[in-house]
Amino acid sequence: MSNRLANPHLDTMASDFLYHLDINVANTQDTSDIQQKFGDVRVVCTGGTASRMRELALYMRKVLGVSDPSDPVDLCERGHRYAMYKVGPVLCVSHGVGSSTFSVVLHELLKLVKYARCQNPIFLRIGTCGGLGVPPGTVVVTKDAFNGLLRNEHQIAILGKLVVRPAQFSEDVIKNIMEYGADPNDGFQTISANTMGTDCFYEGQGRTDGAICEYTEKDKMDFLQKCHDLGIRNIEMEASMFASVTKKVGVKAGDVCVTVVNRLEGDQVTVTMDQKHEFEQRPFLVVGRYIKKLLSQN
Ligand code: R2B
């Protein structure tokens, strides 16, 4: 990552309050305090809920051999929006549901690593998703991110106009997660495939069980089959935004999600909470091994 983001206005700001993180960059010309706190960060892991990110932080302690019996501290608690835990060079940050909540924290995290002068930090999303023709519990490492229009791009309205940006993740990161993170002896499959990121969990993902539905079961299945034909094996709500924003600023990123339902067989998520919890540990395993390898390399 160069030490510049894709925003020339930042160069003219004397201070920058990362509002949702409740982190104040009091002097953008001298960020030594931020560098001291966050300058060693190499990996920023993001995921939907605060409790899962806390669990991930505890898991990362084990992976990195950090012996610390204390409760993980939420560094953004006063912001009341997102939770952030730090384990050595790994940040674990919650992002909520969907691109709109995620993009808020993503912009601020990208600025944070810039002010902290982190060296080529890698951003990861660790999540849950619907599967397409794969058994629940499968871990999918995203290749190309499609939006709800089945385009490999992200669309966003800016100044009253639609701006379209490409949405691919770093090939390096995908390759290395598959090589160092996936293990055939895990008892579940980890695959690399395309992902559709939608703006809506119900109609946007072709479900017939939302509060509104104006299409038939056949329309839905035709759509899901079309997705499948495009190599899409999972559906979530963040991938296209995440891929496009990180690509735009030149930060390497990856998306690793576990499926909780096979959408070719139904819409409702019926796995028990215990099973869901067990499934949620699977991306931890994959990403944990990848991060360990990454940190051992330099
Ligand atoms: C997967 O799970 C959440 C919706 O239940 C959302 O963040 C997603 O993409």
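Just above, that's the structure.
Fair warning: this is a prediction, and the values are worked out from it, not measured in the lab.

Here is what the cut-offs are and how they apply
Residue numbers here run from 1 along each chain, matching the order of that chain's written sequence. Two thresholds apply to this predicted model, a pLDDT of at least 70 for residue-level local features and 80 or more for giving and counting side-chain atom pairs, whereas whole-chain, interface and lining totals are computed over all residues. To obtain the side-chain values, all non-hydrogen atoms of the structure were included, while hydrogens and water were left out. Only a single heavy atom is needed: when it lies within 4 Å of a molecule or strand, its residue is near that molecule or strand. A 3.5 Å cut-off defines polar contacts: any pair of N or O atoms within that distance qualifies, except that in protein one atom must be a possible hydrogen donor and the other a possible acceptor, and neighbouring residues in sequence count only when both atoms are side-chain atoms. Reported accessibility uses the Shrake-Rupley method at a 1.4 Å probe radius. Residues are deemed covered only where the shown protein chains occlude them. The classification used treats Ala, Val, Leu, Ile, Met, Phe, Trp, Tyr, Cys and Pro as nonpolar, Asp, Glu, Lys and Arg as charged, and all other residues, Gly among them, as polar. Structural elements are reduced to axes, namely lines fitted to C-alpha atoms, with helices fitted over the stretch in contact, and the angle between N-to-C directions of any two is expressed from 0 to 180 degrees. Helix and strand assignments come from DSSP, with helices taken as H or I runs of at least 4 residues and strands as E runs of at least 2, each series counted from the N terminus. Angles are sorted into four bins: roughly parallel if under 35 degrees, roughly antiparallel if over 145, roughly perpendicular if 65 to 115, and oblique for all others. By the definition used in this description, the sense in which the near helix is turned from the far one sets the handedness, with an anticlockwise turn below a right angle giving left-handed and a clockwise turn giving right-handed. Only heavy atoms enter the contact rule, under which two residues are in contact if any of them lie within 4.5 Å. Here a pair means two rings of Phe, Tyr or Trp (six-membered ring of Trp) with centres within 6.5 Å. Their orientation is stacked below 30 degrees between planes, edge-to-face above 60, and tilted elsewhere. Residue burial is assigned from relative accessible area. The probe radius is 1.4 Å, only protein chains are included, and a residue is buried under 20% of its type maximum, exposed over 50%, and partly exposed in between. By definition, being over a ring means that NZ of Lys or CZ of Arg is both within 6 Å of the ring centre and within 35 degrees of the ring normal. Any carboxyl oxygen of Asp or Glu within 4 Å of a side-chain nitrogen of Lys or Arg constitutes a salt bridge here. The pairing criterion is simple: DSSP has to find at least two bridges between the two strands. In this description, the arc belongs to the directions extending from the helix axis to the C-beta atoms. Here the expected span of a helix is defined as 1.5 Å times the quantity of residues minus one. Think of a nonpolar core as a cluster: buried Ala, Val, Leu, Ile, Met, Phe, Trp, Tyr and Cys residues, connected wherever their side-chain atoms sit within 4.5 Å.

### Brief notes about the site of the ligand
Here's step 1: Surveying the vicinity of the ligand reveals the residues Val97, Gly98, Arg125, Thr128, Phe201, Glu236, Met237 and Glu238.
Here's step 2: Contact distances for the ligand include 3.2 Å between an oxygen atom and a side-chain N or O atom of Thr128.
Here's step 3: A distance of 2.6 Å separates an oxygen atom of the ligand from a polar side-chain atom of Glu238.
Here's step 4: When the ligand is considered free in solution it has 260 Å² of accessible area, and contact with the protein chains removes 77% of it.
Here's step 5: When its residues are assigned to classes, the shell around the ligand shows three nonpolar, two polar and three charged.

### Some points on the packing of helix H2 (residues 50–64) against helix H7 (residues 273–297)
Here's step 1: Following both chains from N to C, one finds H2 and H7 inclined at 45°, their axes separated by 10 Å at the closest point. Here H7 runs oblique to H2, going by the angle between their axes. Every pair of crossing elements has a handedness; the one defined by H2 and H7 is right-handed. Every residue of H7 that contacts H2 at Arg52, Glu55, Leu56, Tyr59, Met60, Val63 and Leu64 is listed here: His277, Glu280, Gln281, Phe284, Leu285, Gly288, Ile291, Lys292 and Leu295.
Here's step 2: Within the contact of H2 with H7, the residues separate by chemical class into nine nonpolar, three polar and four charged.

### Thoughts on the packing of aromatic side chains
Here's step 1: On inspection of all chains with the given rule, the structure shows five aromatic pairs.
Here's step 2: Judged by centre distance (5.9 Å) and plane angle (35°), the ring pair of Tyr59 and Phe284 falls under tilted. With Tyr59 in helix H2 and Phe284 in helix H7, this pair connects stretches of sequence that are 225 residues apart.
Here's step 3: Given the relative accessible area of 1%, Phe284 is considered buried.
Here's step 4: Three or more aromatic residues joined by ring pairs make a cluster, and in this case those are Phe102, Phe169 and Phe242.
Here's step 5: Between Arg207 and the ring centre of Phe201, over which it is positioned, the NZ or CZ distance is 3.8 Å.

### Details of the pattern of salt bridges
Here's step 1: Within the structure shown, the criterion is met by 19 salt bridges.
Here's step 2: Between Asp11 and Arg4 there is a salt bridge; the shortest N-O distance is 2.8 Å.
Here's step 3: With a relative accessible area of 42%, Asp11 lands in the partly exposed category.
Here's step 4: Note on Arg4: relative accessible area 51%, which makes it exposed.
Here's step 5: Residue Asp71 pairs with Arg54 through a salt bridge whose shortest N-O separation is 2.8 Å. Here the residue Asp71 occupies a position in the loop between H2 and strand E4 (84–87), and Arg54 occupies one in helix H2, the gap between them amounting to 17 residues.
Here's step 6: Arg54 gets classed as partly exposed once you look at its relative accessible area, which sits at 28%.

### What to know about the pairing of strand E8 (residues 153–158)
Two faces make up the sheet, and in a regular strand the side chains alternate between them.
Here's step 1: Of the strand pairs in this sheet, E8 and strand E9 (residues 161–166) are connected by six bridges, and their pairing is antiparallel. In the sheet register, Ala157 faces E9, and the bridge partner there is Leu162.
Here's step 2: What sits between E8 and E9 in their antiparallel hairpin is a turn of two residues, with Leu159 showing a positive phi close to 50°.

### Brief notes about helix H4 (residues 171–181)
Since the α-helix packs 3.6 residues into each turn, any two residues three or four apart lie on the same face.
Here's step 1: Along H4, the residues classified as buried are Val173, Ile174, Ile177 and Gly181. For H4, the angular spread of the buried residues around the axis is 100°, confining them to a single face. Exposed residues on H4 whose side chains face more than 90 degrees from its buried face are Glu171 and Lys175.
Here's step 2: For H4, the N-terminal capping position is held by Ser170, with its side-chain oxygen 3.3 Å away from the main-chain nitrogen of Asp172.

### A closer look at the packing of H4 against H7
Here's step 1: In the contact formed by H4 and H7, the axes pass within 8 Å of each other and the chain directions differ by 105°. Judged by the angle between their axes, H4 and H7 are roughly perpendicular. Facing H4, whose interface residues are Val173, Asn176, Ile177, Tyr180 and Gly181, H7 presents Val286, Arg289, Tyr290, Lys293 and Gln297.
Here's step 2: In terms of residue class, the contact of H4 with H7 is made up of five nonpolar, three polar and two charged.

### Some points on helix H3 (residues 99–115)
Here's step 1: Over its 17 residues, H3 extends 24 Å from the first C-alpha to the last, a length consistent with the 24 Å expected when each residue adds 1.5 Å.
Here's step 2: Taking burial as the measure, the 17 residues of H3 include 13 buried ones, the bulk of the element.
Here's step 3: Just past H3, the residue Arg117 takes up positive phi, approximately 60°.

### Quick word on the nonpolar core
Here's step 1: The biggest cluster of nonpolar side chains holds 71 residues, and the ones touching the most others in it are Met84, Phe123, Leu124 and Ile291.
Here's step 2: With sequence-adjacent residues up to four places away left out, Ile291 is seen in contact with Val43, Cys45, Met60, Val90 and Leu124.
Here's step 3: Among the nonpolar cores identified, the runner-up in size contains eight residues, and Leu150, Met196, Cys227 and Ile235 belong to it.

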